[in-house]
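Observations on the model geometry
The chain contents come next:
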Amino acid sequence: MRAAVLIASLAATPAAGDFSLVQPVDCVLDQDCYIQQYMDHDPSDAAHDFACGSLTYDTHKGTDFALPTLAAQAAGVNVLAAAAGTVVGVRNDMVDALQVGPDAPDVSDRFCGNGLVIRHTGGFETQYCHMAQGSVIVTAGQSVEAGDVLGQIALSGQTQFPHLHLSVRRFGKPIDPFNADGVQSCPDTTQPSLWADDIATPAGGIVEIGLSDKVPDFDDVKAGTASVEIARDSPALVGWSHVFGIRDGDQLLSRFTRPDGTSFDHTDDFTRTQARIFRAFGKRTPRGGWPRGAYVLEVVHLRDAVELDRATLNFEID
């Protein structure tokens, strides 16, 4: 996740007087985590984010800071207070479960899952959703400072991937911290930010790439269990890519380079907008096995023939 093209240039000066926000997740954006979805600014049943892009869905009222895999979630990533304030409500007892499949718990009246609300000065509130069961370490009435640990990212409530949903409100009205005045036209070059520091906001990119000896299941990619070590006699050499923010017209260029400098590649052309996808390509193992030496898997995400993101994986076959 090293996106080179951003969907906006954020103002360094906060938009609402002295009130500003720090990043609410303890991870490096576009390396350990990424923003999957922003607040919806379209009043119709369509949807567009603050930069008139597609990283949102209808009526979405917050920002989703996502982890790449369930394994990353299991390792533990802290949720942080985005600003100083007072905790006014906490939930900490809901089961962590993805909302997929017939055995998913009923969360129809508790979409936020485990989480909390912090009240700030100037009529602001921040709400933190989908946290890990039992991880919330603050209580109602407690004062917190910006950057204090609140708990951990998970997938309680209405979730299909591990993430923190951050909502910002002022006097009860939803506020987009990337465009705090709520006024938007497309394109909009005057977007006041609530962030104390600029936050990278790529318009899509590569979450992760990896190797397998067969085409993996997307569930294994999302779980973080899809990668395997390639041996000379593995059944195949397969490279896979997990990508977010795909738009109609995007391309994904994937290439393996062998030890002798020769290569084989594949191009995926996308014809519809998708929040997340995975793709895989490769070749069956040749007679006699793969040559020993250093290999490279390189994946490039293009939009309008411009490089949006690139990922490279170097590996050896002994």
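For the structure, check the block above.
The structure contained in this document is the topic of the report that follows. (Residues numbered from 1 in each chain as written. Predicted model: local features only at pLDDT ≥ 70, side-chain atom pairs only at ≥ 80, totals over all residues. Heavy atoms only, no water.)

Moving on, we come to the pattern of salt bridges. Tallied over the entire structure, the rule returns 8 salt bridges. Close ionic contact of Asp 268 with Arg 279 constitutes a salt bridge, the shortest N to O distance being 4.0 Å. Separated by 11 residues along the polypeptide, Asp 268 in strand 14 (residues 263-269) and Arg 279 in strand 15 (residues 274-284) bring together distant segments of the chain. The class of Asp 268 is buried, set by a relative accessible area of 13%. Relative accessible area serves as the criterion here: at 29%, Arg 279 is assigned to the partly exposed category. By sharing partners, the salt bridges in this structure join Arg 119, Glu 125 and Arg 169 into a single network. (Salt bridge = Lys/Arg side-chain N within 4 Å of Asp/Glu carboxyl O. Helix = DSSP H or I, 4+ residues; strand = E, 2+ residues; numbered from the N terminus. Buried < 20%, exposed > 50% of the residue type's maximum accessible area, 1.4 Å probe, protein only.)

Let us look at the sheet that holds strand 12 (residues 236-246). Strands sit in the order 11-12-15 across an open sheet of 3 strands; the sheet is antiparallel. At either margin of the open sheet sits one strand with a lone partner, and together these are strand 11 (205-212) and strand 15. Across this sheet, the average inter-strand angle for adjacent strands is 15°, counted without regard to direction. Pairing geometry for strand 12 and strand 15, over 10 bridges, is antiparallel. Note on strand 15: the bridge partner recorded for Val 243 is Ile 277. (Pairing = 2+ DSSP bridges. Axes fitted to C-alpha atoms, helices over the stretch in contact; angles between N-to-C directions.)

To continue, consider the pairing of strand 5 (residues 114-119). Taking burial as the measure, the 6 residues of strand 5 include 5 buried ones, the bulk of the element. When strand 4 (residues 85-91) meets strand 5, the two strands line up antiparallel, connected through 5 bridges. Each residue of the ladder has a partner; that of Arg 91, found in strand 5, is Gly 115. Relative to strand 6 (residues 124-131), strand 5 runs antiparallel, the two being bridged by 5 bridges. Across the sheet, the residue bridging to Leu 116 is Tyr 128, located in strand 6. Once strand 5 ends, the chain turns through 4 residues before running back antiparallel as strand 6, passing Gly 122 with a positive phi of about 70°.

A separate point is the state of the cysteines. Within the structure shown, the criterion is met by 2 disulfides. Each sulfur in the disulfide pair Cys 27 and Cys 33 lies 2.1 Å from the other. Because the sign of the S-S torsion sets the handedness, a value of about 95° for the bond joining Cys 27 and Cys 33 places this disulfide among the right-handed ones. The disulfide that involves Cys 112 links it to Cys 129, with 2.0 Å between the sulfurs. When the S-S torsion is -100°, as for the bridge of Cys 112 with Cys 129, the disulfide is left-handed. Remark: Cys 129 occurs in strand 6 and Cys 112 occurs in the loop between strand 4 and strand 5; sequence separation between them is 17 residues. (Disulfide = S-S within 2.5 Å.)

Counting residues in hydrophobic clusters, the biggest one holds 42 residues, and the most contacted among them are Leu 21, Leu 116, Ile 118, Tyr 128, Met 131, Leu 150 and Leu 194. With near-sequence residues (within four places) excluded, Leu 21 lies in contact with Ala 82, Ala 83, Thr 126, Val 168, Pro 177, Leu 194, Trp 195 and Ala 196. In terms of nonpolar packing, the next biggest core, distinct from the first, is built from 20 residues, Ile 230, Phe 281, Val 299 and Phe 315 among them. (Core = buried A, V, L, I, M, F, W, Y, C linked by side-chain atoms within 4.5 Å. Contact = heavy atoms within 4.5 Å.)

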